[in-house]
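Here's the letter readout for the chains.
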Amino acid sequence: MSDNLKSKTAKGLLWGGLGNGLMQILNLLFGVFLARLLSPGDYGIIGSLTIFSALAGIFSESGFILAIVNKKEVSDADFNAVFWFNVAMSLSIYTILWFCAPLISKFYSQPEMTALARFIFLGFVASALSATPTAWFFRNLDVRTRSSVQIIALLLSGIGGVVAAFMGLGYWAIAIQTLLYTFCNSAILWIRCPWRPGFSFSPSALRALLPFSLKQLGVSLFTQFNNNIFSVLLGRFYGMRITGFYTQGNKWTAMGASTLTGMLNGVGQPVLRQTIEDPDRTARIFRRLLRFTCLVGFPAMFGLAIVAKEVIILLITDKWLPSVIIMQILCIGGAFLPISTLYGNLFNSLGRPGTYMWNTIALGLCQLGCLCFSWRLGLELMLAIYSIVNIIWVGVWEWFACRAGVISFRQALADILPYLIFTAIAMGAAIAAAWSIASPLLSLMIKIAVATIIYIAQIRFFQPAFFAEALAFLRRKRP
């Protein structure tokens, strides 16, 4: 990379990692309080509504954030068009969902969901208002500001949610926390963003962004649908208590996965987009990012899987023990999610959003078919099939990348397989070391210590050059 691009990438990864890491720590702290105060049923009710607000939020944003990032030259007319479109769409969709709330509560046989749904759905209106300043910071690779805004919003909303839980508001505490975060995030983004909307609207500017944004819309809709389909199925056929156990296990898994994907999303596409004129340079940068993703992602997610039981018992008590196996299965599949995210960033940066869209849709249809076939077989088997499909699909992404001439199968295996092997050895040793220990705290400490020491020792011995480069990269220094 050039020195300037390398510096921007390093800063993006550094602040993305620090910001997402701190956010997950705050999520952990507030999540512990809420999980101890609330019941699985409370989480189940909120989890069952997640898919509706998530899909509505995607519709209101419509993929324009990445469309602005991907456009070579952006004007005020583009930002204005996106802003006013998002405002109109969010208000229209909220009105529709407001009238649909009784139907949603009838679907789940939960009459109290009507008022709750109308309250939670306000969140995607605020989220749509923040789309334009988010695009501005994203395009300018200002990960530091975006991370600091998210941290402040999370801190304020977390305090509000915990206070509401202490007051005995039940599932309304989670709803209040969610809504507070969205409104605080949107308000602070507008305070920090130097761009301000005008009262002009250019249909031609919006039309120019549509070809890219519509493909992103399709991708986002299928992604959110896949991420939240379990909550719908479980809430409808298994009941709110089982849905609550799934929601809790999925939340802990998402804390790890979102830290990694957040780091990549903050820099992946903008950095790769700047090298589009030099295919060899794009390939080199992509392989470095792929190795970095595996270096960090595999031990983080597999490590979270092996300590799931200890974490659940120590932090949120054994009333949540059924969430352990759910968390472990999702962590195994989630270890490969950052890799898929990186491939998606690659195709967007290459100007091939169609490849990204259709591949994601195909994955979604495949997973949906598997879920429809397996939901009667039990939750654990259904989750296992879902995770296996996620892992296998990395090979599909690689096939398209190979056809694009970016990275061959041999190169991808050389970049991915060593870290997978190192992680498996380290985790196996950690499990063996703590096998007969009854104390959850002692078992947790031994697993973390053994896994960390063995993993780092392997990396330093077998790949000392890349280990040193990764450390230098995070420190924003040249190796």
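Residues numbered from 1 in each chain as written. Predicted model: local features only at pLDDT ≥ 70, side-chain atom pairs only at ≥ 80, totals over all residues. Heavy atoms only, no water.

S.K.: Any details on the overall build of the chain? Residues and values, ideally.
M.R.: If you tally the helices and strands in the chain, you get 20 helices and zero strands. In the chain, the share of contacts with a sequence separation of at least 24, taken over all contacts with a separation of at least 6, comes to 84%. (Helix = DSSP H or I, 4+ residues; strand = E, 2+ residues; numbered from the N terminus. Contact = heavy atoms within 4.5 Å.)

S.K.: Report on the pattern of salt bridges, specifying residues and quantitative values.
M.R.: Charged atoms that come close allow side chains of opposite charge to pair. Scanning the model with the defined rule gives three salt bridges in all. Note that D415 and R287 form a salt bridge whose closest N and O atoms lie 2.7 Å from each other. With D415 in helix α18 (residues 409-433) and R287 in helix α12 (residues 279-306), this residue pair connects regions lying 128 residues apart in the sequence. On the accessibility criterion, R287 (21% relative accessible area) is partly exposed. Relative accessible area serves as the criterion here: at 2%, D415 is assigned to the buried category. Bridged by salt links that share partners, the residues R287, R291 and D415 form one connected network. (Salt bridge = Lys/Arg side-chain N within 4 Å of Asp/Glu carboxyl O. Buried < 20%, exposed > 50% of the residue type's maximum accessible area, 1.4 Å probe, protein only.)

S.K.: Explain the nonpolar core residue by residue, including any values.
M.R.: L290, F298, I339 and Y343 are the most contacted members of the largest nonpolar core, which has 92 residues in total. Ignoring any residue separated from it by four or fewer positions in sequence, one finds L290 in contact with I339, L342, Y343, I407, D415 and I416. Judged by nonpolar contacts, the second largest core, of 19 residues, contains V87, A135, I188 and L209. (Core = buried A, V, L, I, M, F, W, Y, C linked by side-chain atoms within 4.5 Å.)

S.K.: I'd like a description of the packing of aromatic side chains, backed by residues and values.
M.R.: With the rule as written, the count across this model stands at 16 aromatic pairs. With a centroid separation of 5.5 Å and 85° between ring planes, the pair formed by F83 and W190 is classed as edge-to-face. Here the residue F83 occupies a position in helix α4 (residues 76-108), and W190 occupies one in helix α9 (residues 171-192), the gap between them amounting to 107 residues. An identical accessibility class is assigned to F83 and W190; each is buried. Chaining the aromatic ring pairs together yields one cluster made of F79, F83, W84, W190, W195 and F199. Its guanidinium or amino end placed over the ring of W98, R118 lies 3.7 Å from that ring's centre, counting from NZ or CZ. (Phe/Tyr/Trp six-rings, centres within 6.5 Å; stacked < 30°, edge-to-face > 60°. Lys NZ or Arg CZ within 6 Å of the ring centre and 35° of its normal.)

S.K.: Before we move on, could you go through the environment of A429 and cite the residues and values that matter?
M.R.: Considering the arrangement of structural elements, one finds A429 in helix α18. In this structure A429 comes out as partly exposed when scored by relative accessible area, which is 27%. Considering only alpha carbons, one finds A429 and I454, 25 residues apart in sequence, at a separation of 8.1 Å. Ignoring anything within four residues of it in the chain, the contact list for A429 reads V450 and I454.

S.K.: Tell me about a nonpolar patch on the surface, residues and numbers included.
M.R.: Taken together, the side chains of L155, I159, V163, M167 and L169 define a hydrophobic patch exposed on the protein surface, amounting to about 450 Å² of accessible area. The exposed category is assigned to M167, whose relative accessible area is 61%. (Patch = residues over 30% accessible without salt bridge, like charges linked within 9 Å, V, L, I, M, F, W, Y side chains within 5 Å. Areas by Shrake-Rupley, 256 points an atom, 1.4 Å probe, with all protein chains shown as cover.)

S.K.: Break down the side chain of N80 for me, citing the residues and quoting the values.
M.R.: Its place among the elements puts N80 in helix α4. There is a polar contact of 2.7 Å between the side chain of N80 and the backbone nitrogen of G198. Those residues within four positions of N80 in sequence are excluded, and the remaining contacts are W195, P197, G198 and S200. (Polar contact = N/O pair within 3.5 Å; in protein donor to acceptor, adjacent residues only side chain to side chain.)

S.K.: Before we move on, can you summarise the environment of P338 with the specific residues and values?
M.R.: Within the fold, P338 resides in helix α15 (residues 337-349). Classification of P338 by relative accessible area gives buried; the value is 1%. Spatially, the C-alpha atom of P338 lies 7.1 Å from that of A257, the residues being 81 residues apart in sequence.

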